[in-house]
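What the coordinates show
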Amino acid sequence: MAARAIGASNQRIGTKNWGAILRRALVRSLELGGAILLFAAAVFLALALASYHQTDPSASTAAGGEARNWMGAGGAWAAERALFLFGPVSVLFLPLLYVFARKLWRIAEEDEAGEPHADHAWWRPTAMLLLAMMLLGTVLSLTFTAPGGKLPASMGGVAGLLGSKAILGVASNLPETWRVLLIGFSGLTCLMLGAYMAGRVFAVDWSQLLTLPRLPRRVQVEGDKPSLLRPLSR
């Protein structure tokens, strides 16, 4: 009787261990897969922006035919939308995607080592960066008043146009001297705030983020206790 009870208890413990192992493996797979997708998205967007052509088929053009963008029609649309919204400032999306990808991989590494997670809030830096990009775009729209050339909107994109129009609308009610002073002061303030906020977003531990990520480990069960094997390769 006692032997059967012990055997049943060991079986229940083994089942629980297997369930925990499977859940942990699934979570880590999702984390690593998400990190890889973000890395790929950063590379995709970088190549799409680098090969942007105004005449490629996109939401802002009626052009047809084959896209000359290196990433095809999808890259043409992605580059056009990013430049349409924020102009050249949209390149700040690239380090943001990289930082998020590396952080997600580090979460998987922390799970593997059994370490507690650090603060990995996602929406705060994203919202702050979008506001910083709008402020920097406003500066570009105030500085480069001519049309954006080959860009789908102005140099600051739609976000910069909205910010510059708001400043110019207020300044239009002032005398000429005060108007110039207000525009100059507003542009300088937007530049300083935008640069500060972008710096806060990317004020990360680069010494950690620039290290090569560890390769995933396999999980092995010895008896009822899980253990980690050495990395598959380096």
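Structure: see above.
Below, the structure is looked at part by part. This structure is a prediction, so every number in the text was calculated from the model and none was measured.

Turning to the nonpolar core, a few remarks are in order. Counting residues in hydrophobic clusters, the biggest one holds twelve residues: F86, V89, L96, V99, F100, L129, M133, L136, L140, A159, V201 and F202. Mapped by element, the contributors of at least two residues to this core are helix 3 (93-113) and helix 4 (123-143). When residues of this core are assigned to their parent elements, the largest contribution, four residues, is made by helix 4. Excluding residues that lie within four positions of it along the chain, L136 makes contacts with V89, L92, L191, G194 and A195.

Taken as a whole and judged by the stated rule, the model has two salt bridges. Taking the shortest distance from any N to any O, the salt bridge between E80 and R81 comes out at 2.6 Å. Salt-bridge contacts for E176 lead to R179; the nearest nitrogen and oxygen are separated by 3.2 Å. Linking E176 with R179, this pair stays in helix 6 (residues 176-201), spanning three residues, or about one helical turn. Judged by relative accessible area, R179 falls into the partly exposed class, the value being 28%.

Where helix 4 contacts helix 6, the two axes come as close as 8 Å, and the packing angle between them is 150 degrees. Classified by the angle between their axes, helix 4 and helix 6 sit roughly antiparallel to one another. Crossing hand, helix 4 versus helix 6: left-handed. Here P125, M128, L129, L131, A132, L135, L136, T138, V139 and L142 of helix 4 lie close against helix 6, whose contacting residues are I183, G187, C190, L191, L193, G194, A195, M197, A198, R200 and V201. For the contact of helix 4 with helix 6, the class distribution of residues is 17 nonpolar, three polar and one charged.

Definitions and cut-offs
Residues numbered from 1 in each chain as written. Predicted model: local features only at pLDDT ≥ 70, side-chain atom pairs only at ≥ 80, totals over all residues. Heavy atoms only, no water. Core = buried A, V, L, I, M, F, W, Y, C linked by side-chain atoms within 4.5 Å. Buried < 20%, exposed > 50% of the residue type's maximum accessible area, 1.4 Å probe, protein only. Helix = DSSP H or I, 4+ residues; strand = E, 2+ residues; numbered from the N terminus. Contact = heavy atoms within 4.5 Å. Salt bridge = Lys/Arg side-chain N within 4 Å of Asp/Glu carboxyl O. Axes fitted to C-alpha atoms, helices over the stretch in contact; angles between N-to-C directions. Parallel < 35°, antiparallel > 145°, perpendicular 65-115°, else oblique. Left-handed = near helix turned anticlockwise from the far one by under 90°. Nonpolar A, V, L, I, M, F, W, Y, C, P; charged D, E, K, R; others polar.

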